[in-house]
Amino acid sequence: MAFWLVAILFVATTAVSALLSRQRDVEPSAAGEFQVPVAEEGKTLPVIFGTCIVRDPNVVWWGDLAKNAVKSKVAGWHRIFTLSLLFERSRVLGYQYFIGMQMALCHGVVDQLISIRAGDNDKPIPGVANILPGPTGEAVVDISSNAARDMFGGTIRDNPTGEGGLKGRLRFYSGKEGQPSNAYLASQIGQATAPAYSGVCQVVLERSSITKGWPFYVGTNPVIKKWAFVLRRCPNNLGLTAGHNIIGGWDANPAEIAYEIMTNPVWGLGIPSARFNLTSWRAAGETLWTEGMGMSIKVDEPTSGDQLLGEIARHVDGVFYTDPATGLWEFKLARADYDPNTLLEITQDDVLEAPELTRGSWEETLNEIKIKFTNRTTFKDDMVQAQETANHAVRGEIASDTISFKGFTSAAIAQKVAVRELKIHSYPLAKARIVANRKAWNLRIGSVFKLTFAPYGITGMVLRVGTINYGDLANPRIEVEAVEDIFNVAFTAYDPPADSGWVDPVSDPLPPLAQVLEEMPYHLTDEAERKLIVAAVRAEDQSDGYQVWSDEGQGYYHSNDEGPCPSATLRDPYPRTTLALDTVGFVIQGGRDLPGLENTDAAGRVRGENLLLIGEEWMSWTTAADNGDGTWTVAGIVRGIFDTIPTDHAAGERVWFISDGGSLARPDPYPIDLAVSAKCLPYSHRGVVPIENVSPVTKTMASRAQKPYPPGKAQVNGLYWPTDVVGDAAFTWAHRIRTAQPNVVQQDAASVAGTIEGTYTVEVLLDGVVQGSRTQTGLTGTSFTYTLAQYLADAPSGKAVQFRITPINGLLQGTVRTTDAFWFGGFGLNFGRNFGGMNKGA
């Protein structure tokens, strides 16, 4: 043997051995190991105002977990590598994860879903922007773009570090009272209707046609990426006109924020609206809108009402208080909205004690203020600053401080606030404590007055009330001090939610829906070895795969492992009489694991990249399309490949997509033909289906991979399905050579070049009975003729004719194929069968 031939055989054998060893498949994450973003009982449900990002929303339900294996894809192959590459092609690279999930975002009602972001860097999901809920408070968000599907690096088949992306249908609920219930959620928790969760803004990830009937696709990492929702909520309970409840298009009016905190009966203080002087509140709201001083805040931790109101007052430089004359809540802004000449004036005649006046030193002042605010684009901290040169000239140094106003989202507003704070901190302001008579009764917190006190040389000093004590009838002393909050707002915390009643959706694995065991034809084996292929359809979406247990006469043993096989049933009958390349195909229904199927092209079809099995007929297919109604259309089908021929298939017959989920019953070939039984036991993190719960499938081997292939292009007088023949009947066919032909050869293709294996035997059947005198053996050609004269001699009563051809190689007999029945016709021949309109073939 030539050296190069030896080298080639050595390399080929080494490659086959290496491929047969196969890398260990990636194990899918079980539900117990699967990690959703945040699922925390008792987590505070946030309240938002303006435009906020809600990161890590609380997952209050998740389930309907499904996993789909991502398998390697082989571009091409040589026949000697067929088995190796077929199963290397099905090597599991990882898993796609699909899940149903309900996330509570915040208290409603939310005006708009601005965007959805995912991942550690808050990457916006492409194609999702500015979603407005409908009249019922519901909006359907379809995430279906390729960019979204690959936003975490794409499929691991194309990028080893890729983690997939997001795809599916998300149903958004704004939290409106009376919002509809979610039908998908109801189906998952086993109720006629699910709670509507009125008042809660939420999203539900559902099953949909976008994911081909599977739940929402969340990528290939069992740890779901972090979710974040950018929401806008600008209440208008004060009835501000012309949209003045919204400031700058993004922020809420602080007057509206404070009013809702004080009046909301669910999460707020629940103060009745009749207790408010709405005129002052609306006036403050209009001023804030004119100034552009909107706020966006998120309250996501238990806190007291006075803390929240104090933060708002600090942001806008205002104060909330109850008027002692009316008992109504007032909102007062500290603004230059007065005439000093008309202010109430307190003099030495009005005070009961000498005023206490203090003034800070210049060392306590500042000449640089930095304001930390929230950038509304990134939702991260940003900063502006203001400087006072006169103070710097006095102090001779930089005196700086940083103050946080996280409720502001605009650099322009933050700059205004920096100037405001600089004015307050750059000059040593006086502070006073005054005890006055009843003349001071009309002063209120936040109001201004003039102080004239000749002994101190003070005339017309304008002061703003910080706190005030009105005394009582027995002691009519009114004490006025610097501004600070004195009203004690009741503590409000967010009670933890009640027990959700959520039940782990993952149950024990179920026995397979169906199993198949077939001896492998030559093109799926190496060197014509005896091997069996097995496949199983899982009955649920959560089992990780199945264990193969085989019995070859000595008892069952664990012989292999594989993932579930995509499968469905024929919706309609599929006849043998289609074209050899059927571009129309057939429709299947009741499918399992079909979304994982991948289409191929004409070259891939010839290579046999996509193989399916119906009954005992092997086929190669090109495309599988989801029809959106629970059915799929499989098209571009090459009928009767390898050692099979086209046969009729009834509606309801199972279709097995073997190339995407078939496994060897055992890796090693069988030395002789055996009767083998197999059981496929699905498994998950919950365990393995007990072997006694699974029925066996059996197969008796017949050295199938060693037998010659049946001829193709079998015709009678040029017809594949003859019914009547005039004159002699010429039976023709084309050679199929097992060891020389490509993987997939169409039935209508010409003869494969080369020397055939063995010979053909052709028989003539009349009404199903073999006419021994017409049998021809040892044929090596591609034709046989049965003459009209021979027919008249054999069947004077006019019997139906069939040809049967059998490929034979020594003791091995290949697949037998028999033509449809036909009749000899012509004037006076079988006249009674045709005259009078009887159906042909009757």
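Because the structure is predicted, anything quoted here is derived from the model rather than measured.

Asker: Could you clarify how one ought to interpret the overall build of the protein chain in this entry?
Answerer: Counting its regular elements, the protein chain contains 12 helices and 53 strands. Burial analysis of the protein chain (842 residues in total) assigns 51% to the buried set. Pairs at least 24 residues apart make up 70% of the contacts formed inside the protein chain by residues separated by at least 6 positions. Surface summary for the protein chain: the accessible area is close to 36200 Å², and the carbon and sulfur share equals 53%.

Asker: What is the right way to look at the nonpolar core in this model?
Answerer: Within soluble globular proteins, side chains that are nonpolar generally end up buried alongside one another. If you look at the biggest cluster of nonpolar residues, it comprises 46 residues, and the most contacted ones within it are Trp-281, Phe-320, Phe-331 and Ile-371. Considering each element in turn, this core owes the most residues, 6 residues, to helix H5 (residues 254-263).

Asker: Whenever I open this one, the packing of H5 against helix H7 (residues 305-316) confuses me. Can you help?
Answerer: Close contact between H5 and H7 brings their axes to 10 Å; oriented N to C, the two are set at 165 degrees. When the interaxial angle is binned, H5 and H7 end up roughly antiparallel. Every pair of crossing elements has a handedness; the one defined by H5 and H7 is left-handed. Residue-level inspection shows Pro-254, Ile-257, Ala-258, Ile-261 and Met-262 of H5 in contact with H7, the latter providing Leu-308, Leu-309, Ile-312 and Val-316. Of the residues assigned to the contact of H5 with H7, the class counts are 9 nonpolar, no polar and no charged.

Asker: Got a minute to help me understand the environment of Tyr-720 in this structure?
Answerer: Examined against the element boundaries, Tyr-720 turns out to sit in the loop between strand S43 (712-716) and strand S44 (724-726). Separated by 143 residues in sequence, Tyr-720 and Thr-577 have C-alpha atoms that sit 8.3 Å apart. Those residues in contact with Tyr-720, other than ones at most four positions away along the chain, are Lys-713, Ala-714, Gln-715 and Asp-748.

Asker: For this particular structure, what's the right way to read unusual backbone geometry?
Answerer: Among all residues except glycine, the phi angle is most often negative; among peptide bonds, the trans geometry is most common. Across the junction of Gly-108 and Val-109, the peptide omega takes the value 5 degrees, indicating a cis bond. Examined against the element boundaries, Val-109 turns out to sit in the loop between strand S3 (92-107) and strand S4 (112-118). Phi at Asp-64 is positive, roughly 55 degrees, even though this residue is not glycine. Within the secondary structure layout, Asp-64 lies in strand S2 (residues 58-71). Since its relative accessible area comes to 9%, Asp-64 is described here as buried. Positive phi values are uncommon outside glycine, yet Tyr-197 reaches one of about 55 degrees. One can find Tyr-197 in the loop between helix H4 (183-189) and strand S8 (200-206).

Asker: Is there a simple way to think about the confidence of the model for the protein chain in this case?
Answerer: Scored by pLDDT, the protein chain has a mean of 85; 88% of the residues are at 70 or more. Of the regions scoring below 50 in pLDDT, residues 74-84 engages in 43 contacts with residues more than four places distant in sequence or in other chains.

Asker: Please clarify how the side chain of Asp-660 should be interpreted in this entry.
Answerer: Tracing the chain through its elements places Asp-660 in the loop between strand S38 (654-656) and strand S39 (663-664). Contact partners of Asp-660, with chain neighbours within four places excluded, come to Lys-71, Pro-564, Pro-566, Gly-596, Leu-597, Asn-610 and Trp-621.

Asker: Before we go on, may I ask you to explain the packing of aromatic side chains in this structure?
Answerer: Both the distance between ring centres and the angle between the ring planes are used here to describe each pair of aromatic rings. A complete count under the given rule lists 27 aromatic pairs for this structure. By way of ring pairs, the aromatic residues Phe-731, Trp-733, Tyr-760, Phe-784, Tyr-786, Tyr-791, Phe-803, Phe-822 and Phe-824 are connected into one cluster. The residue whose ring lies beneath Lys-225 is Phe-152, and the NZ or CZ to ring-centre distance is 5.6 Å. Cation over ring: Arg-654 sits above Trp-656, and NZ or CZ is 6.0 Å from the ring centre.

Asker: Is there a simple way to think about the sheet that holds strand S26 (residues 514-519) in this case?
Answerer: Hydrogen bonds along the backbone pair up the strands of a sheet, which may run parallel or antiparallel. Within the open sheet, the 3 strands sit side by side as S26-S27-S39. Their pairing is antiparallel. If you trace the sheet from one side to the other, it starts and ends with S26 and S39, each paired once. Relative to strand S27 (residues 532-537), S26 is paired through 6 bridges, and the arrangement is antiparallel. Each bridged residue has a counterpart across the sheet, and for Leu-517 the counterpart in S27 is Val-534.

Asker: I would appreciate a short explanation of H5 in the present structure.
Answerer: Within an α-helix, residues lying three or four positions from one another point in the same direction, as the helix has 3.6 residues per turn. Within H5, 10 of the 10 residues are buried, leaving the element largely enclosed by the surrounding structure. Those residues of H5 lying buried are Pro-254, Ala-255, Glu-256, Ile-257, Ala-258, Tyr-259, Glu-260, Ile-261, Met-262 and Thr-263. For H5, the N-terminal capping position is held by Asn-253, with its side-chain oxygen 3.0 Å away from the main-chain nitrogen of Ala-255.

Asker: What's the story with the packing of H5 against helix H6 (residues 278-291) in this structure? I'm lost.
Answerer: Where H5 meets H6, the closest approach of the two axes is 8 Å, and the angle between their N-to-C directions is 145 degrees. Taking contact as the criterion, the partners of Pro-254, Ala-255, Ala-258, Tyr-259 and Met-262 in H5 are, on H6, Leu-278, Trp-281, Gly-285 and Leu-288. Looking at the contact of H5 with H6, its residues break down into 8 nonpolar, 1 polar and no charged.

Asker: I'm lost on the environment of Ser-304 in this one. Help?
Answerer: With respect to the element layout, Ser-304 can be found in the loop between strand S13 (297-299) and H7. Exposure remark for Ser-304: the relative accessible area of 7% places this residue in the buried category. For the pair Ser-304 and Leu-269, spaced 35 residues apart in sequence, the C-alpha to C-alpha distance is 9.4 Å. Of note is the side chain of Ser-304, whose polar atom sits 2.5 Å from the side chain of Asp-306.

Asker: Is there a simple way to explain the pairing of strand S28 (residues 545-551) in this structure?
Answerer: Counting buried positions over the 7 residues of S28 gives 6, a clear majority of the element. Looking at chain direction, S28 and strand S40 (residues 675-684) are connected through 7 bridges and run antiparallel. Bridge pairing in S40 places Val-548 opposite Cys-680. Across 6 bridges, the pairing between S28 and strand S29 (residues 556-562) is antiparallel. Residue pairing in the sheet places Tyr-546 in a bridge with Glu-562 of S29. Linkage of S28 to S29, two consecutive antiparallel strands, is achieved through a turn of 4 residues, within which Gly-553 is found at a positive phi near 110 degrees.

Asker: Before we go on, may I ask you to explain the pattern of salt bridges in this structure?
Answerer: Working definition: two side chains of opposite charge can pair if their charged atoms are close together. Enumeration over the complete set of coordinates arrives at 42 salt bridges. Two residues, Arg-207 and Asp-64, come together in a salt bridge whose shortest N-O distance is 2.7 Å. Remark: Asp-64 occurs in strand S2 and Arg-207 occurs in the loop between S8 and strand S9 (216-217); sequence separation between them is 143 residues. Residue classification places Arg-207 among the partly exposed positions, given a relative accessible area of 28%. Arg-171 is the salt-bridge partner of Glu-206, the closest N and O atoms lying 2.8 Å from each other.

Asker: Just to check I follow, could you spell out the pairing of strand S32 (residues 586-592) for this structure?
Answerer: Summarising the sheet, strand S30 (residues 567-570) and S32 pair through 3 bridges and their orientation is antiparallel. Residue pairing in the sheet places Leu-570 in a bridge with Ile-588 of S32. Where S32 meets strand S36 (residues 631-635), 4 bridges bridge the pair, whose relative direction is antiparallel. In the strand pairing of S36, Ile-588 is matched with Trp-632.

Definitions and limits used
Residues numbered from 1 in each chain as written. Predicted model: local features only at pLDDT ≥ 70, side-chain atom pairs only at ≥ 80, totals over all residues. Heavy atoms only, no water. Helix = DSSP H or I, 4+ residues; strand = E, 2+ residues; numbered from the N terminus. Buried < 20%, exposed > 50% of the residue type's maximum accessible area, 1.4 Å probe, protein only. Contact = heavy atoms within 4.5 Å. Areas by Shrake-Rupley, 256 points an atom, 1.4 Å probe, with all protein chains shown as cover. Core = buried A, V, L, I, M, F, W, Y, C linked by side-chain atoms within 4.5 Å. Axes fitted to C-alpha atoms, helices over the stretch in contact; angles between N-to-C directions. Parallel < 35°, antiparallel > 145°, perpendicular 65-115°, else oblique. Left-handed = near helix turned anticlockwise from the far one by under 90°. Nonpolar A, V, L, I, M, F, W, Y, C, P; charged D, E, K, R; others polar. pLDDT = per-residue confidence, 0-100. Phe/Tyr/Trp six-rings, centres within 6.5 Å; stacked < 30°, edge-to-face > 60°. Lys NZ or Arg CZ within 6 Å of the ring centre and 35° of its normal. Pairing = 2+ DSSP bridges. Polar contact = N/O pair within 3.5 Å; in protein donor to acceptor, adjacent residues only side chain to side chain. Salt bridge = Lys/Arg side-chain N within 4 Å of Asp/Glu carboxyl O.

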